[in-house]
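Secondary and tertiary structure notes
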Amino acid sequence: MGKAEVGSSKWIGNKMKSKGLQRLRWWCEICQKQCRDANGFKCHVQSESHVRQMQVVGEDPRKFINQFSTDFQRDFVSLLRTAHNEKWISSNKFYNEYIRDKEHVHMNATKWPSLSEFIKHLGREGICHVKEDEKDGLMIAWRDTSLAAIQRKEEIAEQEAAEARSGAGEDRMLKKMAKRAAEEAEAKKAIEMKRSAAAAAAKQEPTPPAEGDSPVEEKVASPVVEEKKEGEEPAAATPVKLSFGLKAKAVPPNKAGLGQMKSQSIFKRKKEGGEERVVKKVKL
(Lines give C-alpha, C1' and ligand atoms only; values in the text may rest on other atoms or scores of the structure.)
Protein backbone atom coordinates (compact mmCIF):
# COMPACT_ATOMS: atom_id res chain seq x y z
CA MET A 1 0.00 0.00 0.00
CA GLY A 2 1.61 3.24 -1.12
CA LYS A 3 1.94 6.50 0.77
CA ALA A 4 -0.90 8.97 0.58
CA GLU A 5 -0.41 11.92 -1.74
CA VAL A 6 0.36 15.22 -0.12
CA GLY A 7 -2.81 17.26 0.24
CA SER A 8 -5.17 14.30 -0.14
CA SER A 9 -7.86 13.48 2.45
CA LYS A 10 -5.91 10.43 3.58
CA TRP A 11 -2.75 12.48 4.06
CA ILE A 12 -4.70 15.07 6.11
CA GLY A 13 -6.26 12.28 8.19
CA ASN A 14 -2.85 10.78 8.92
CA LYS A 15 -1.49 14.18 9.96
CA MET A 16 -4.40 14.74 12.31
CA LYS A 17 -3.93 11.32 13.87
CA SER A 18 -0.20 11.84 14.35
CA LYS A 19 -0.66 15.27 15.92
CA GLY A 20 1.03 15.62 19.29
CA LEU A 21 3.47 13.34 21.05
CA GLN A 22 3.30 9.59 20.66
CA ARG A 23 5.02 6.69 22.35
CA LEU A 24 8.80 7.04 22.26
CA ARG A 25 9.31 3.32 21.77
CA TRP A 26 7.42 3.54 18.47
CA TRP A 27 9.64 6.32 17.13
CA CYS A 28 12.28 5.57 14.47
CA GLU A 29 15.08 8.12 14.64
CA ILE A 30 16.82 6.86 11.51
CA CYS A 31 13.75 7.29 9.33
CA GLN A 32 12.25 10.17 11.38
CA LYS A 33 8.94 8.28 11.56
CA GLN A 34 6.45 8.00 14.44
CA CYS A 35 4.19 4.92 14.63
CA ARG A 36 0.92 4.91 16.54
CA ASP A 37 0.99 1.33 17.80
CA ALA A 38 3.19 -1.74 18.08
CA ASN A 39 1.83 -3.29 14.88
CA GLY A 40 2.63 -0.18 12.86
CA PHE A 41 6.16 -0.03 14.27
CA LYS A 42 6.68 -3.73 13.42
CA CYS A 43 5.59 -3.16 9.86
CA HIS A 44 7.89 -0.16 9.58
CA VAL A 45 10.92 -2.08 10.85
CA GLN A 46 10.32 -4.78 8.22
CA SER A 47 9.92 -2.24 5.42
CA GLU A 48 12.52 -1.95 2.66
CA SER A 49 13.33 1.71 3.33
CA HIS A 50 14.09 1.08 7.02
CA VAL A 51 16.29 -1.93 6.21
CA ARG A 52 18.25 0.14 3.69
CA GLN A 53 18.78 2.95 6.20
CA MET A 54 19.94 0.51 8.86
CA GLN A 55 22.51 -0.92 6.46
CA VAL A 56 23.94 2.56 5.97
CA VAL A 57 24.05 3.17 9.71
CA GLY A 58 25.64 -0.21 10.34
CA GLU A 59 28.68 0.77 8.30
CA ASP A 60 29.71 3.46 10.84
CA PRO A 61 27.34 3.54 13.86
CA ARG A 62 29.55 5.87 15.98
CA LYS A 63 29.33 8.59 13.35
CA PHE A 64 25.51 8.67 13.49
CA ILE A 65 25.38 8.38 17.28
CA ASN A 66 27.80 11.29 17.70
CA GLN A 67 25.84 13.34 15.16
CA PHE A 68 22.56 12.74 16.99
CA SER A 69 24.23 13.54 20.33
CA THR A 70 25.61 16.83 18.97
CA ASP A 71 22.22 17.84 17.56
CA PHE A 72 20.45 16.95 20.80
CA GLN A 73 22.90 18.96 22.93
CA ARG A 74 22.77 21.96 20.54
CA ASP A 75 18.98 22.14 20.54
CA PHE A 76 18.75 21.53 24.28
CA VAL A 77 21.21 24.30 25.20
CA SER A 78 19.78 26.72 22.61
CA LEU A 79 16.28 26.37 24.03
CA LEU A 80 17.63 26.74 27.59
CA ARG A 81 19.44 29.98 26.63
CA THR A 82 16.47 31.54 24.84
CA ALA A 83 13.76 30.41 27.27
CA HIS A 84 15.41 30.79 30.68
CA ASN A 85 18.85 32.35 30.11
CA GLU A 86 20.81 32.23 33.40
CA LYS A 87 17.83 31.42 35.65
CA TRP A 88 17.69 28.13 37.56
CA ILE A 89 15.12 25.53 36.50
CA SER A 90 14.50 21.85 37.21
CA SER A 91 16.03 19.54 34.60
CA ASN A 92 12.90 17.34 34.38
CA LYS A 93 10.63 20.35 33.93
CA PHE A 94 12.80 21.79 31.19
CA TYR A 95 13.07 18.44 29.40
CA ASN A 96 9.27 18.35 29.19
CA GLU A 97 9.45 21.77 27.54
CA TYR A 98 12.07 20.52 25.09
CA ILE A 99 10.17 17.43 23.91
CA ARG A 100 7.05 19.46 23.05
CA ASP A 101 8.51 19.86 19.59
CA LYS A 102 7.59 16.74 17.67
CA GLU A 103 10.64 16.98 15.40
CA HIS A 104 13.17 17.08 18.23
CA VAL A 105 16.10 14.66 18.47
CA HIS A 106 15.17 11.89 20.89
CA MET A 107 17.51 10.88 23.67
CA ASN A 108 17.39 7.16 22.80
CA ALA A 109 19.41 7.98 19.68
CA THR A 110 22.23 9.67 21.65
CA LYS A 111 25.15 8.31 23.63
CA TRP A 112 23.63 9.27 27.01
CA PRO A 113 21.56 6.55 28.67
CA SER A 114 19.50 8.94 30.87
CA LEU A 115 18.72 12.61 31.41
CA SER A 116 20.73 12.71 34.65
CA GLU A 117 23.88 11.57 32.86
CA PHE A 118 23.34 14.23 30.19
CA ILE A 119 22.89 16.99 32.81
CA LYS A 120 26.05 15.87 34.63
CA HIS A 121 27.91 15.96 31.30
CA LEU A 122 26.83 19.60 30.77
CA GLY A 123 28.09 20.46 34.25
CA ARG A 124 31.46 18.76 33.75
CA GLU A 125 32.01 20.49 30.42
CA GLY A 126 31.17 23.91 31.88
CA ILE A 127 28.30 24.48 29.47
CA CYS A 128 25.69 24.92 32.23
CA HIS A 129 25.59 25.49 35.96
CA VAL A 130 24.33 22.40 37.74
CA LYS A 131 23.28 21.94 41.35
CA GLU A 132 21.20 19.40 43.27
CA ASP A 133 18.11 20.46 45.18
CA GLU A 134 16.31 18.36 47.79
CA LYS A 135 12.88 19.24 46.40
CA ASP A 136 13.37 19.54 42.61
CA GLY A 137 16.38 17.27 42.10
CA LEU A 138 18.95 18.42 39.54
CA MET A 139 18.75 22.14 38.70
CA ILE A 140 20.35 23.69 35.61
CA ALA A 141 21.11 27.21 34.43
CA TRP A 142 22.74 28.40 31.23
CA ARG A 143 26.29 29.68 31.52
CA ASP A 144 27.22 32.64 29.33
CA THR A 145 30.83 32.15 28.15
CA SER A 146 30.92 34.91 25.53
CA LEU A 147 33.63 37.59 25.60
CA ALA A 148 31.13 40.38 26.26
CA ALA A 149 29.68 38.48 29.22
CA ILE A 150 33.15 37.86 30.65
CA GLN A 151 34.01 41.58 30.37
CA ARG A 152 30.71 42.52 31.97
CA LYS A 153 31.34 40.14 34.88
CA GLU A 154 34.84 41.56 35.36
CA GLU A 155 33.46 45.10 35.43
CA ILE A 156 30.84 44.09 37.98
CA ALA A 157 33.50 42.40 40.12
CA GLU A 158 35.73 45.52 39.99
CA GLN A 159 32.80 47.73 40.93
CA GLU A 160 31.90 45.52 43.87
CA ALA A 161 35.55 45.51 45.03
CA ALA A 162 35.67 49.32 44.82
CA GLU A 163 32.46 49.59 46.81
CA ALA A 164 33.87 47.20 49.40
CA ARG A 165 37.06 49.27 49.68
CA SER A 166 35.12 52.51 50.01
CA GLY A 167 32.86 50.88 52.56
CA ALA A 168 35.89 49.75 54.59
CA GLY A 169 37.31 53.30 54.50
CA GLU A 170 33.99 54.71 55.66
CA ASP A 171 33.89 52.18 58.49
CA ARG A 172 37.36 53.21 59.64
CA MET A 173 36.39 56.88 59.52
CA LEU A 174 33.20 56.22 61.49
CA LYS A 175 35.17 54.29 64.13
CA LYS A 176 37.63 57.19 64.52
CA MET A 177 34.77 59.67 64.86
CA ALA A 178 33.05 57.50 67.46
CA LYS A 179 36.29 57.15 69.45
CA ARG A 180 36.88 60.92 69.37
CA ALA A 181 33.31 61.60 70.49
CA ALA A 182 33.69 59.14 73.39
CA GLU A 183 36.90 60.84 74.54
CA GLU A 184 35.27 64.28 74.41
CA ALA A 185 32.29 63.00 76.40
CA GLU A 186 34.59 61.54 79.08
CA ALA A 187 36.53 64.83 79.37
CA LYS A 188 33.31 66.84 79.66
CA LYS A 189 32.02 64.44 82.32
CA ALA A 190 35.23 64.81 84.37
CA ILE A 191 34.99 68.64 84.20
CA GLU A 192 31.35 68.54 85.35
CA MET A 193 32.26 66.26 88.27
CA LYS A 194 35.02 68.68 89.37
CA ARG A 195 32.62 71.62 89.20
CA SER A 196 29.94 69.82 91.20
CA ALA A 197 32.51 68.82 93.88
CA ALA A 198 33.70 72.44 94.20
CA ALA A 199 30.11 73.70 94.51
CA ALA A 200 29.35 71.13 97.21
CA ALA A 201 32.46 72.12 99.18
CA ALA A 202 31.47 75.79 98.96
CA LYS A 203 27.94 75.09 100.23
CA GLN A 204 29.20 73.02 103.18
CA GLU A 205 28.69 74.86 106.56
CA PRO A 206 31.64 75.37 108.99
CA THR A 207 31.85 72.82 111.82
CA PRO A 208 31.55 74.04 115.52
CA PRO A 209 34.68 73.86 117.70
CA ALA A 210 35.27 70.78 119.82
CA GLU A 211 34.75 70.72 123.63
CA GLY A 212 37.62 72.04 125.72
CA ASP A 213 38.94 74.27 122.99
CA SER A 214 39.34 77.93 123.87
CA PRO A 215 37.07 80.24 121.99
CA VAL A 216 38.65 82.04 119.12
CA GLU A 217 38.74 85.73 119.49
CA GLU A 218 39.47 88.01 116.66
CA LYS A 219 40.36 91.58 117.01
CA VAL A 220 38.97 93.77 114.34
CA ALA A 221 39.96 97.40 114.36
CA SER A 222 37.00 99.47 113.37
CA PRO A 223 37.39 103.22 113.69
CA VAL A 224 34.53 104.98 115.46
CA VAL A 225 33.78 108.35 114.07
CA GLU A 226 32.46 110.81 116.61
CA GLU A 227 30.94 114.11 115.96
CA LYS A 228 33.33 116.94 116.34
CA LYS A 229 32.51 119.61 118.79
CA GLU A 230 33.59 123.09 118.29
CA GLY A 231 37.00 123.60 119.74
CA GLU A 232 37.66 119.94 120.47
CA GLU A 233 40.10 117.62 118.85
CA PRO A 234 38.81 114.29 117.51
CA ALA A 235 39.28 111.37 119.89
CA ALA A 236 41.40 108.48 118.82
CA ALA A 237 39.49 105.46 117.55
CA THR A 238 39.44 102.60 120.01
CA PRO A 239 39.53 99.03 118.73
CA VAL A 240 36.39 96.95 119.18
CA LYS A 241 36.68 93.37 120.36
CA LEU A 242 34.45 90.82 118.68
CA SER A 243 34.05 87.45 120.32
CA PHE A 244 32.71 84.42 118.50
CA GLY A 245 32.89 82.12 121.51
CA LEU A 246 30.10 80.41 123.32
CA LYS A 247 30.51 82.29 126.66
CA ALA A 248 27.56 82.28 129.04
CA LYS A 249 26.08 85.72 129.51
CA ALA A 250 26.33 87.21 133.02
CA VAL A 251 22.98 87.49 134.76
CA PRO A 252 22.31 90.94 136.28
CA PRO A 253 21.91 90.92 140.08
CA ASN A 254 18.42 92.38 140.00
CA LYS A 255 17.06 89.70 137.62
CA ALA A 256 15.97 86.33 138.92
CA GLY A 257 17.84 83.49 137.55
CA LEU A 258 16.78 79.99 136.55
CA GLY A 259 15.38 78.17 139.58
CA GLN A 260 15.02 81.29 141.70
CA MET A 261 11.60 82.27 142.97
CA LYS A 262 10.48 85.83 142.91
CA SER A 263 9.93 87.45 146.30
CA GLN A 264 6.60 88.99 145.43
CA SER A 265 3.41 87.10 145.01
CA ILE A 266 1.75 86.96 141.68
CA PHE A 267 -1.13 88.94 143.17
CA LYS A 268 1.13 91.76 144.45
CA ARG A 269 3.10 92.60 141.31
CA LYS A 270 3.41 96.23 140.53
CA LYS A 271 2.32 97.73 137.38
CA GLU A 272 4.70 99.46 135.11
CA GLY A 273 5.15 103.07 136.14
CA GLY A 274 5.10 102.37 139.93
CA GLU A 275 1.28 102.13 140.35
CA GLU A 276 0.08 99.48 142.76
CA ARG A 277 -2.37 96.92 141.49
CA VAL A 278 -5.60 96.64 143.45
CA VAL A 279 -5.79 93.19 144.90
CA LYS A 280 -9.10 91.72 145.78
CA LYS A 281 -9.15 89.35 148.66
CA VAL A 282 -10.97 86.17 147.89
CA LYS A 283 -12.14 84.00 150.69
CA LEU A 284 -11.63 80.33 150.02
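Computed from a predicted structure; not experimentally measured.

**Looking at the packing of aromatic side chains**
- This model, assessed by the stated rule, comprises nine aromatic pairs.
- A centroid spacing of 4.8 Å and a plane angle of 90 degrees characterise the contact between F76 and F94, whose relative ring orientation is edge-to-face. Here F76 is found in helix 4 (residues 61–83), whereas its partner F94 is found in helix 5 (residues 91–98), with 18 residues between them in sequence. Of the two residues, F76 and F94, neither departs from the other in class, the shared state being buried.
- Pairwise contacts between aromatic rings join F72, F76, F94, Y95, Y98, W112 and F118 into one cluster.
- If you follow R81 out to its NZ or CZ, it ends over the ring of W142, 5.9 Å from the centre.
- When the ring centre of W88 is taken as origin, the NZ or CZ atom of K131, which lies over that ring, is 4.6 Å away.

**Focus: the pattern of salt bridges**
- If you walk through the whole model with that rule in mind, you get four salt bridges.
- With a shortest N-O distance of 2.9 Å, R74 and D71 are connected by a salt bridge. Linking R74 with D71, this pair stays in helix 4, spanning three residues, or about one helical turn.
- Under the relative-accessibility criterion, R74 is labelled partly exposed at 47%.

**Comments concerning the pairing of strand 4 (residues 128–133)**
- Two elements, strand 4 and strand 5 (residues 137–142), share six bridges in a ladder whose sense is antiparallel. When the sheet's bridge partners are listed, E132 is paired in strand 5 with L138.

Procedures and definitions
Residues numbered from 1 in each chain as written. Predicted model: local features only at pLDDT ≥ 70, side-chain atom pairs only at ≥ 80, totals over all residues. Heavy atoms only, no water. Phe/Tyr/Trp six-rings, centres within 6.5 Å; stacked < 30°, edge-to-face > 60°. Helix = DSSP H or I, 4+ residues; strand = E, 2+ residues; numbered from the N terminus. Buried < 20%, exposed > 50% of the residue type's maximum accessible area, 1.4 Å probe, protein only. Lys NZ or Arg CZ within 6 Å of the ring centre and 35° of its normal. Salt bridge = Lys/Arg side-chain N within 4 Å of Asp/Glu carboxyl O. Pairing = 2+ DSSP bridges.

Scope: geometric values only; no functional claims are made or implied.
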